[in-house]
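This is what each chain is made of:
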Amino acid sequence: KTGIKVMTDGPWKIDDEHWNYNHWPIVTDLCDLCPERTNAGREPICVHHCLANIITYGPVEELAQKLAEIKNLSREEVLASAMRNAKDFYRISET
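Residues numbered from 1 in each chain as written. Predicted model: local features only at pLDDT ≥ 70, side-chain atom pairs only at ≥ 80, totals over all residues. Heavy atoms only, no water.

**Description of helix α3 (residues 60-71)**
With twelve residues, α3 should reach 16 Å at 1.5 Å per residue; the first-to-last C-alpha distance of 16 Å fits that figure. One or two positions beyond α3, positive phi appears at N72, with a value near 60°. (Helix = DSSP H or I, 4+ residues; strand = E, 2+ residues; numbered from the N terminus. Expected span 1.5 Å × (residues − 1).)

Below is the structure:
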């Protein structure tokens, strides 16, 4: 049991020669953000070993700024969206 579970979606046949597989990480209740690593200034083990480089770790403000640059949005728009999604997640997880 780990703090990250990799979910697989597929395979879907695209054409006679190509198939589509999607894999994405899902954080589980066992995730503790690797305090022994992060307290030493290192990234959590899932971030370190993610070959697709899609898991990111850092302060919320820093992550919001990076996402804003990628999505061509303001930092405030990204933070507002994150807060809306966090509230929706909280409501869903309480039911």
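Next comes the rest of the account.
**Some thoughts on the state of the cysteines**
Tallying each qualifying case throughout the model produces zero disulfides. In this model C31 remains outside any disulfide bridge; the closest cysteine sulfur is found in C46, 6.0 Å from its own. Lacking any disulfide linkage, C50 is separated from the closest cysteine sulfur, that of C46, by 7.8 Å. A residue is classified by how much of its surface remains accessible, and C50, at 18% relative accessible area, is buried. (Disulfide = S-S within 2.5 Å. Buried < 20%, exposed > 50% of the residue type's maximum accessible area, 1.4 Å probe, protein only.)

**A few points about the pairing of strand β1 (residues 4-13)**
In this structure, β1 lies alongside strand β2 (residues 19-27), joined through eight bridges in antiparallel fashion. When the sheet's bridge partners are listed, D9 is paired in β2 with N22. Where β1 hands over to β2, the hairpin turn is made up of five residues, counted between the paired strands. (Pairing = 2+ DSSP bridges.)

**A short note on the environment of G58**
Looking at where G58 falls in the secondary structure, it is placed in the loop between α2 (45-49) and α3. G58 sits in the partly exposed class, given a relative accessible area of 23%. G58 sits 15 residues away from E43 along the chain, and the two C-alpha atoms are 8.3 Å apart.

Purely geometric stuff here, so don't read any function into it on its own.
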